[in-house]
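Reading the structure
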Amino acid sequence: MAMSRRKFLLTTAVAGGALAVGYVALKPEEDTRLVFQKTARGGEVALNAWIKIDATGTVTVAAPRAEMGQGIYTALAMLVAEELDVDWKSVRVEDAPVHPVYANREMLRAALPFEDGYHQGENTSGAQFMGWLAEMLSAQGTGGSTSIRDAWEPMRNAGACARHMLVTAAAQKWNVPAADCQAADGVITHKGSGKTLTYGDLATSASSLMPPENPPLKNAADYKLIGKAVPRLDIADKTTGRAIFGVDVKTDGMLHAAVNVAPVMGGSLKSYDKDALGGMPGVVAVVALPTGIAVVADSWWHAKKAADSAVIEFNDGGNGSLSSEGIYKLLEENIQSGDPFTYRNDGDAEEVFEHNGDDIIANYQVPYLAHACMEPMNCTARVVGDNVEIWMPNQAPFLMRYLASRIVDTDVENVQVYTTYLGGGFGRRAEGDLAEQAVRIAMAVPGKTVKLLWSREDDMRHDMYRPAARSMFRARLDDKGRPFAWFNRIAGQVPTKSFTQRIFDFATLDMPDNTSSEGSADMPYAIPNLQVQHVPVTLPVPVGFWRSVGHSYNAFFTESFMDELAVKAGQDPYKYRRDLLAAHPDYLAVLDRVASEADWDLPMHSGRGRGIALHESFGSLVAQVAEVSVLPDDTIQLDRVICVVDCGRVINPDTVVAQIEGAIVFGLSAALYGDITLTDGAVDQGNFPDYEMVRLNNMPKIEVHLAPSGRPIGGIGEVGTPPLAPALANAIFNATGKRVRELPLSKAGLVG
Amino acid sequence: MPAIKVNGEVRVIDIEDDTPLLWVLRDTLGLVGTKFGCGISACGACTVHVNGEPVRSCSTTIADVAGKEISTIESLEQAELHPVQQAWIDHQVPQCGYCQSGMIMATTALLAEKPDPTDDDIDAAITNICRCGTYARIRKAIHAAAKTMREG
Ligand code: FES
Ligand code: FES
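Not measured: the values here are computed from a predicted model.

**Overview of the overall build of chain B**
From N to C terminus, chain B includes 5 helices and 5 strands. For chain B, the succession of helices and strands along the chain, N to C, is β-β-α-β-β-β-α-α-α-α. By the compact-globule yardstick of 15 Å for 152 residues, chain B fits well, its C-alpha radius of gyration being 15 Å. Considering only C-alpha atoms, chain B reaches an extent of 45 × 30 × 25 Å along its principal axes. Counting over 152 residues, chain B shows a buried share of 58%. Expressed as a percentage of contacts within chain B between residues at least 6 apart in sequence, the contacts between residues at least 24 apart total 56%.

Put into structure tokens, the structure is as follows:
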């Protein structure tokens with residue numbers, strides 16, 4: 001069913017076109033400076049859509065991306081401040097309003113098929129088209145590790161434009177050539193006279209000047225902030241309890257809501273006893289929802305107690321017999337006889353396997369995973385007539401705005417979305433379910449602000465999960481032991497389709513999706529006959545984007561199987577990979593560096609082992625070596641992870657290291673424990689004891705080395721996660737001779 | 001009507017006895033620095049001190065703490081930041097930050113009891129979850145704060 005590339009792009013465009021309904025297009029004549037000016041307080045003046053300056057010279061940078069711990073507020077401000085030549089201490093950051101000028105074009109471009117460097121998708125007219133579309137749609141979102149790649153040009157430009165306008169304003173005031181005026185640390189000095197004016201003095205007059213078309217940008221050698229470990233702007237407030245997350249939003253007379261919804265996937269409300277709830281302490285209203293009920297009360301505890309006590313019946317949506325067992329069986333059936341899409345086909349692997357030979361065959365499997373953000377899901381909303389306000393820790397304010405406008409039946413201009421700090425996102429907070437639910441509830445108590453908060457159990461049982469997947473490999477080696485033919489078929493649900501159908505239930509989207517093949521079809525190793533396929537499977541389990549998406553399982557599959565081939569060939573797994581990377585000096589450099597940092601050639605004591613994995617995702621190269629010990633009870637302990645990262649230019653090395661450390665722990669929790677299972681159509685897990693996390697007592701040592709090579713800027717938020725599981729599994733094989741082909745490790749009794 | 005002392009102030013709370021302290025702090029008193037993570041004593045995000053002991057406020061009722069002294073993250077900063085908070089900043093510990101109030105309260109309680117904790121002491125005392133995986137920096141920051149506090 002290989003769909004032609006052209007047909008695919010057209011279908012995508014049509015699907016994309018549907019998205020445009022209800023959106024505000026960027027009018028060509030619109031002065032985008034006014035977008036940020038509208039948010040001005042205390043005499044602030046906007047110089048463009050990204051920068052406001054007040055009379056004291058305080059610079060406020062608009063952050064159109066969500067701060068969920070990745071340090072993006074600081075990084076975006078650094079890009080602006082670098083070119084603005086302002087004192088870093090006078091820079092602050094503010095959540096940007098929702099507007100097409102802040103669209104994340106890089107994010108939609110990455111959603112294109114074949115954007116993997118191998119298929120050159122990012123340089124096609126289709127990619128460009130998607131970029132424009134994103135702008136039209138106001139695709140203001142945070143995801144796909146795209147924020148810096150998207151902001152690198154526009155936000156440095158914004159700083160440079162503003163600086164140019166401030167210098168021009170000073171020169172006009174003094175009636176001197178602009179070339180004689182120098183800007184540094186927020187002050188402009190006239191070289192001849194030594195006269196000075198501050199940015200605060202000049203902001204108003206500068207704001208009426210025309211911005212320059214292409215202001216010159218600094219050379220990298222002159223950077224004062226970019227590339228430095230600048231302390232993050234949000235950290236102090238996150239040590240005092242002052243940082244405001246969605247869950248902390250407060251307004252006068254605010255009400256609280258809790259839900260009781262159908263436990264079975266796709267279930268709906270059948271009946272409930274409304275009167276019994278009305279008399280409970282603090283209850284203000286009971287709202288019927290498509291999937292259950294919400295109780296609105298004067299405190300969340302009152303709302304929760306009433307919701308839990310509800311006498312309620314649900315329909316099971318026909319999914320009452322869905323179970324993990326059945327799902328894995330279906331995945332295997334799809335591996336055997338499903339209708340695959342071929343993402344890569346070099347040489348003729350099928351032909352090779354027609355001839356008899358010694359094949360290596362292996363099957364791998366991973367489970368559904370929950371995001372389990374530390375801050376439980378929540379959204380606060382107020383509806384007054386046609387006007388809607390939403391306070392929400394979210395990764396896609398443009399989407400929340402659209403969904404709210406659809407429910408209230410009003411224009412998107414009438415919906416305000418305020419994005420708070422996010423207590424974790426990991427892809428979960430790009431989903432619109434909480435916004436939809438909160439707006440429905442708020443409509444039932446018009447004029448009142450209602451904070452909807454889910455319990456941990458609500459969150460774990462109603463997530464949009466990382467898809468479960470199975471992967472079948474077949475390979476044949478040449479006479480030197482190198483892979484001569486490699487066939488890989490993966491089966492699982494497709495996140496983009498599931499996500500899109502939650503927004504537009506009419507969308508069919510039976511088309512290829514990179515998020516299911518990424519990390520397998522684009523692997524770098526030289527294999528003359530190479531075929532990679534994915535079979536899209538339809539199931540009622542909602543799936544979504546989970547930190548590193550398809551890479552999260554394809555890296556485990558591909559890099560584990562590569563290790564199996566090295567073992568079969570009787571070769572060292574590091575050198576085996578090395579020999580297949582002659583055409584990729586950048587991959588090779590990262591692999592060599594991690595081997596040398598880990599003292600790969602030094603023998604290990606018996607009962608210990610090390611494993612290696614190399615993986616490219618979101619434009620960055622990451623290699624990891626994991627070192628494990630076998631404990632007396634035959635369980636495994638991960639002692640140390642050595643990690644080398646080439647993400648191109650580094651904006652803030654300390655946040656990059658922090659993201660890699662965190663992503664390794666994220667991958668480790670999943671590899672050790674992560675397992676969402678279903679019985680009778682409902683998720684079995686509810687809270688942390690059933691969905692365990694790495695804690696201080698089983699935290700490995702982590703060493704991160706940055707090795708920027710000069711590649712284009714790559715992503716950082718997700719890229720540390722994919723190589724962890726295969727490096728760990730390969731280390732376990734090295735230590736025990738036992739090959740792990742299924743996650744989590746706790747299933748195989750390997751975790752104490 | 002239980003009376004409790006929160007951050008040095010006596011508060012009389014008109015609420016059902018079985019209400020968890022967490023929700024009294026957050027919704028009744030507006031002290032939102034203390035976070036809700038699991039509600040069942042499994043994550044530590046809601047850690048506060050009751051008479052100086054670390055307690056998971058989601059699983060402690062208001063009746064349990066009647067007449068006792070409660071301190072929350074909001075009470076730590078006096079004229080300047082508490083050494084633990086300063087160590088958290090010096091080591092750039094928080095990522096999303098959501099777990100960190102609980103982590104810091106658990107740490108200050110540990111250091112009050114053990115001024116020079118070993119790694120094993122830390123592992124045993126700080127069982128809180130950080131979904132962002134900031135554990136390595138937390139450990140470093142605890143040792144650094146302990147040193148500052150010992151050296152006065
Ligand atoms: S919220 Fe209290 S321990 Fe998790
Ligand atoms: S910093 Fe995000 S949960 Fe700990």
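Now that the structure has been shown, we can carry on.
**A closer look at the packing of helix H2 (residues 83-90) of chain B against helix H3 (residues 100-113) of chain B**
Residues and elements named next belong to chain B. H3 packs onto H2 with a crossing angle of 130° between their chain directions and a minimal axis gap of 10 Å. Considering the angle they form, H2 stands oblique to H3. In the packing of H2 onto H3, the handedness of the crossing is right-handed. Where H2 approaches H3, its residues Val84, Gln85 and Trp88 are matched on the opposing element by Gln100, Met103, Ile104, Thr107, Thr108 and Leu111. Each residue belonging to the contact of H2 with H3 can be placed in one class, and the counts come to 5 nonpolar, 4 polar and no charged.

**Points about the interface of chain B and chain A**
At the junction of the two partners, chain B supplies 49 residues and chain A supplies 62 residues. Counting the surface lost from both chain B and chain A, the interface buries some 4400 Å², and carbon and sulfur atoms represent 59% of this. Taken as a group, Gln95, Arg131 and Tyr135 of chain B account for 19% of the area that chain B buries against chain A, more than any other trio of residues on that side. Seen at the junction of chain B and chain A, the total is 6 salt bridges. As a salt-bridge pair, arginine 137 of chain B and glutamate 661 of chain A come within 2.9 Å of each other at their nearest N and O atoms. Of all the elements, helix H5 (residues 135-151) of chain B adds the most residues to the side of chain B that touches chain A, at 5 residues.

**With respect to the domain arrangement of chain B**
Residues and elements named next belong to chain B. What the domain assignment lists for chain B is domain 1 (3-76) and domain 2 (83-151). Between the C-alpha centres of domain 1 and domain 2 there is a distance of 21 Å. Across the boundary between the two partners, domain 1 contributes 16 residues, which contact 12 residues of domain 2. Surface buried jointly by domain 1 and domain 2 totals about 1200 Å² across both partners, of which 61% is contributed by carbon and sulfur atoms. Per-residue buried area on domain 1 facing domain 2 is highest for His49, Ile73 and Leu76; these three make up 36% of the total on that side. The interface formed by domain 1 and domain 2 holds 0 salt bridges in total. Within the residue set of the side of domain 1 that touches domain 2, elements represented by two or more residues are strand E3 (47-50) and strand E4 (53-56). For the side of domain 1 that touches domain 2, the residue count by class is 7 nonpolar, 7 polar and 2 charged.

**Quick look at the sheet that holds E3 of chain B**
Backbone-to-backbone hydrogen bonds join strands into a sheet, with any given pair of strands oriented parallel or antiparallel. Residue and element names in this part refer to chain B. Here 5 strands make up an open sheet; going across it, the order is E2-E1-E5-E3-E4 and the pairing mixed. Both edges of this open sheet fall to strand E2 (9-12) and E4, since each of them pairs with a single strand only. Each strand axis lies, on average, 40° off the axis of its neighbour in the sheet, ignoring direction. Looking at chain direction, strand E1 (residues 3-6) and strand E5 (residues 69-71) are connected through 2 bridges and run parallel. Bridge assignment links lysine 5 to a residue of E5, and that residue is glutamate 69. Along the sheet, helix H1 (residues 21-28) contacts E1, E3 and E5; its crossing angle with E3, the most-contacted strand, is approximately 105°. Packed on one face of the sheet, H3 meets E3, E4 and E5 and runs near 35° to E3.

**Some words on the environment of glycine 320 of chain A**
Inspection of the secondary structure puts glycine 320 of chain A in the loop between strand E12 (312-315) and helix H11 (324-337). Expressed as a C-alpha distance, the spacing of glycine 320 of chain A and proline 263 of chain A, which sit 57 residues apart in the sequence, is 9.7 Å.

**Observations concerning the domain arrangement of chain A**
Residue and element names in this part refer to chain A. Annotation of chain A at the domain level lists domain 1 (31-104 + 140-240), domain 2 (246-317 + 377-453) and domain 3 (325-368 + 465-748). Relative to domain 3, the C-alpha centre of domain 2 lies at a distance of 37 Å. On the domain 3 side, the residues contacting the 12 residues of domain 2 number 18 residues. Taking both partners together, domain 2 and domain 3 bury about 1100 Å²; carbon and sulfur atoms supply 64% of that area. Among the residues domain 2 hides against domain 3, the three largest losses belong to Met265, Phe426 and Glu431. Together they make up 57% of the total. In this assembly, domain 2 and domain 3 are joined by 1 salt bridge. We note a salt bridge from glutamate 431 to arginine 502, for which the minimum N-O separation is 2.8 Å. Counting across the domain 2 and domain 3 interface gives 4 residue pairs in polar contact (both at pLDDT 80 or more). Across the side of domain 2 that touches domain 3, the residue classes tally to 8 nonpolar, 1 polar and 3 charged.

**Considering unusual backbone geometry**
Omega for the peptide link from leucine 743 of chain A to proline 744 of chain A comes to 0°, which places this bond in the cis form. For proline 744 of chain A, the position within the fold is in the segment after helix H22 (724-736). A positive phi is found at glutamine 92 of chain B, a non-glycine position, where the angle reads about 45°. Looking at the element boundaries, glutamine 92 of chain B is found in the loop between H2 and H3.

**Side note on helix H16 (residues 495-503) of chain A**
Within H16 of chain A the residues assigned to the buried category are Pro495, Lys497, Ser498, Phe499, Thr500 and Ile503 of chain A. Along its buried surface, H16 of chain A packs onto helix H13 (397-408) and helix H17 (514-517) of chain A.

**Points about the pairing of strand E10 (residues 283-289) of chain A**
Residues and elements named next belong to chain A. Of all 7 residues making up E10, 5 are buried, and the element is well covered by its neighbours. The pairing of E10 with strand E11 (residues 292-297) spans 6 bridges and is classified as antiparallel. Its bridge partner lying in E11, leucine 289 is registered against glycine 292. Hairpin connection between E10 and E11: a loop of 2 residues separates the two successive antiparallel strands.

**Quick word on the packing of aromatic side chains**
All names here are of chain A. This structure, assessed with the given rule, holds 23 aromatic pairs over all chains. Aromatic side chains tyrosine 368 and tyrosine 465 sit 6.4 Å apart centroid to centroid with 70° between the ring planes, which places their arrangement in the edge-to-face category. Linking tyrosine 368 in the loop between strand E14 (360-366) and strand E15 (378-384) with tyrosine 465 in the loop between helix H15 (456-461) and strand E19 (469-477), this pair joins segments that are 97 residues apart in sequence. A relative accessible area of 3% means that tyrosine 368 is categorised as buried. According to the relative accessible area criterion, tyrosine 465 is buried, its value standing at 0%. Geometrically, the ring pair formed by tryptophan 486 and phenylalanine 561 is edge-to-face, given 5.2 Å between the ring centres and 70° between the ring planes. One end of the pair, tryptophan 486, is in strand E20 (residues 483-492); the other, phenylalanine 561, is in helix H18 (residues 551-568), with 75 residues separating them in the sequence. Taken individually, tryptophan 486 and phenylalanine 561 each receive the classification buried, so the pair is uniform in this respect. Through successive ring pairs, a cluster of aromatic residues spans Tyr364, Phe473, Trp486, Tyr553, Phe556, Phe557 and Phe561. Against the face of phenylalanine 666 rests arginine 547, its NZ or CZ located 5.1 Å from the ring centre.

**Side note on the nonpolar core**
Ile188, Tyr368 and Leu728 of chain A are the most contacted members of the largest nonpolar core, which totals 279 residues. No other element matches the 13 residues that helix H6 (residues 147-174) of chain A contributes to this core. Once residues within four sequence positions are removed from consideration, leucine 728 of chain A is found in contact with Ala626, Val628, Leu638, Leu668, Ala671, Leu672 and Leu745 of chain A. Counting residues in hydrophobic clusters, the runner-up holds 15 residues, among them Val6, Leu25, Ile62 and Ile70 of chain B.

Parameters at a glance
Residues numbered from 1 in each chain as written. Chains lettered and ligands numbered in written order. Predicted model: local features only at pLDDT ≥ 70, side-chain atom pairs only at ≥ 80, totals over all residues. Heavy atoms only, no water. Helix = DSSP H or I, 4+ residues; strand = E, 2+ residues; numbered from the N terminus. Rg over C-alpha atoms; globule rule 2.2 N^0.38 Å. Buried < 20%, exposed > 50% of the residue type's maximum accessible area, 1.4 Å probe, protein only. Contact = heavy atoms within 4.5 Å. Axes fitted to C-alpha atoms, helices over the stretch in contact; angles between N-to-C directions. Parallel < 35°, antiparallel > 145°, perpendicular 65-115°, else oblique. Left-handed = near helix turned anticlockwise from the far one by under 90°. Nonpolar A, V, L, I, M, F, W, Y, C, P; charged D, E, K, R; others polar. Buried area = accessible area lost by both parts, 1.4 Å probe. Salt bridge = Lys/Arg side-chain N within 4 Å of Asp/Glu carboxyl O. Domains from an automatic or database assignment. Pairing = 2+ DSSP bridges. Polar contact = N/O pair within 3.5 Å; in protein donor to acceptor, adjacent residues only side chain to side chain. Phe/Tyr/Trp six-rings, centres within 6.5 Å; stacked < 30°, edge-to-face > 60°. Lys NZ or Arg CZ within 6 Å of the ring centre and 35° of its normal. Core = buried A, V, L, I, M, F, W, Y, C linked by side-chain atoms within 4.5 Å.

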